[in-house]
Structure formats: structure tokens, C-alpha cells
Amino acid sequence: MRFDVVTIFPGMFGPVFEHGVVGRGIERGIVQVHTHDLRDHTHDRHRQVDDMPFGGGPGMVLKPEPVFEAVDSIRPHNPGPVVLMEPWGERLDQNLATELASEPGLIIVCGRYEGIDDRVRTGLGAREISIGDYVLSGGEIPAMVLIDAVARLLPGVVGDPESLSQDSFSTDPAGWPQFTRPADYRGLMVPDVLLSGDHARIKQWRRRQAAERTSAHTKELNKT
Ligand code: SAH
């Protein structure tokens, strides 16, 4: 799957995808991340990507032309949908990540300033995606979150496919608590059942723990 990211800060992306599971997906050729400097698609001396909002108000808005031209230049290499990272967009969750993982690619546009000229959305038929109800200073970190969430679902990226099916949200919202050695750390003990070797009891314990976390998570959701 190919991810093309349009941004004014392409340098932010390199190290993030050199590590861990997504890094391995890239090494194996399952995932490709290409960044594109929005300023390379300007034609003026100052390489200006933003301008004042029509109608007045504070801040600057990303101009449509460089974004359209960047997407035009990517299109022949990536048939996937165009996604704008925006705080008011559709909320990213595990279902949406799973849906997007079946696309051949994504073209992701990172906003800055007050946002992106709305004609990018209408003119390119773009889908707006948010990573949560809070405002960050740019779409780069949200784009990284989206790529990570989608890329790890691609077959062959995560080493043991079983670890995907036991993830939080894949069945229940919550996974069960995990422990590793040592069994006694500063008097903090690993639950006996996990050391018992009794797989039926372990399975039952894990199910119950996941259900408890799930109900705590659901209560939390219902508060909002
Ligand atoms: N003034 C705007 C905020 C713009 S934040 C407003 O009131 O909504 C600048 C850019 O950061 C946005 O264009 C978007 O690309 C990105 N961004 C900020 N928060 C985000 C979030 N929660 N999810 C996705 N993108 C976000």
C-alpha cells in the first residue's frame, strides 16, 4: 500500500517510519511512504503556500493551487482516495482504519495554519479525517497516526497475525492486561493464574479482564 503525504514539513516523517512495525513493513516492500513538499508546487519567488482568509479573520489558509497540483502529480502513482487531516473530520477509529487498509493507497494532505481552502475538499472529493477532538498545530502528526494505524493492518507487516486479532477494538474495545518476566518485581506480582499453565483458566481470566476494561471504557465514553 502506498501513502503519499503532502506537507510543508516533509522532514518530520523520515525517522518516524524508520522504526518498529511500520519500518519493517517498508523494508519488506509492503508499505511505501512518499512525502511531497507543498512548496515544490508553488510558482512564485517566495514559494508561498498560504494566504489571508476571504471574509477576514485571524490567521492564514493553505491555498488551493499548490495542493491541487501536488495531488495531480501524485495521481498517476497512487489511485487511492484523497484524505485531508482536519479536526472536524470523521473520527479515526479501528473500523475506519480497517476500511482504509483495503484501499490501494492514500493521498494524505496535512493542513497548517487555519486549515485548507475548502475547494480542496469539494474539488478533489476528499474525505476529512480527525484523530480526535482536540486541535494540533498541523496535520503531520495526525497523518503519522493514520498511516501507522492502517499500515500495521496490512498482511505481513505485523509479524504474528494473531496479535492483530487479539488487539483492542478488533473484538472487544479492550485487550487484557499483559505481563512479562520477572514474575515478582518490587513485590508487584504477576497474577497467579498466568503462571499456572492452565490454558482454559488463563483464557477465561483474560476474557473477564478484557470485559472489565471494556465496561470501564464504555462508561468513560458515555460520560461525554
Ligand atoms: N483553526 C482550525 C484549526 C487548524 S489546526 C480549527 O479551528 O479547526 C491546523 C491543521 O492541523 C489542520 O488543518 C489539520 O490539518 C491539523 N489538525 C489539527 N488538529 C487535528 C486533529 N485533531 N485531527 C486531524 N488533523 C488535525
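Whatever comes next refers back to the structure up there.
Small disclaimer: the values here were computed from a predicted structure and weren't measured.

S.K.: Help me get a handle on the layout of surface pockets, residues and values and all.
M.R.: A volume near 300 Å³ is recorded for the largest pocket. Looking at side-chain class alone, the lining of the largest pocket contains 3 nonpolar, 3 polar and 2 charged residues.

S.K.: So what's going on with the site of the ligand? Which residues, and what values?
M.R.: The environment of the ligand is formed by 20 residues, the closest being Met85, Glu86, Gly111, Glu114 and Tyr134. The backbone of Gly111 places a nitrogen or oxygen atom 2.9 Å from an oxygen atom of the ligand. Within the contact set of the ligand, a nitrogen atom lies 2.9 Å away from a side-chain nitrogen or oxygen of Glu114. Compared with its free state, where it exposes 560 Å², the ligand has 87% of that area covered by protein. Every element with two or more residues in the shell around the ligand is listed here: β5 (82–91) and β7 (127–130). It is β5 that provides the largest number of residues to the shell around the ligand, a total of 4 residues. Considered class by class, the residues forming the shell around the ligand number 10 nonpolar, 7 polar and 3 charged.

S.K.: Kindly report on the pattern of salt bridges, identifying the contributing residues and their values.
M.R.: Here the structure, examined in full by the defined rule, presents 11 salt bridges. Taking the shortest distance from any N to any O, the salt bridge between Arg2 and Asp4 comes out at 2.7 Å. Comparing Arg2 with Asp4, the two get one shared label, buried.

How each quantity is defined
Residues numbered from 1 in each chain as written. Predicted model: local features only at pLDDT ≥ 70, side-chain atom pairs only at ≥ 80, totals over all residues. Heavy atoms only, no water. 1 Å grid on protein atoms, 1.4 Å probe; cavity = no way out; pocket = protein on both sides within 12 Å on 5 of 7 lines; lining within 4 Å. Points joined across faces, edges and corners; volume = space filled by probe spheres on them. Nonpolar A, V, L, I, M, F, W, Y, C, P; charged D, E, K, R; others polar. Near = heavy atom within 4 Å. Polar contact = N/O pair within 3.5 Å; in protein donor to acceptor, adjacent residues only side chain to side chain. Areas by Shrake-Rupley, 256 points an atom, 1.4 Å probe, with all protein chains shown as cover. Helix = DSSP H or I, 4+ residues; strand = E, 2+ residues; numbered from the N terminus. Salt bridge = Lys/Arg side-chain N within 4 Å of Asp/Glu carboxyl O. Buried < 20%, exposed > 50% of the residue type's maximum accessible area, 1.4 Å probe, protein only.

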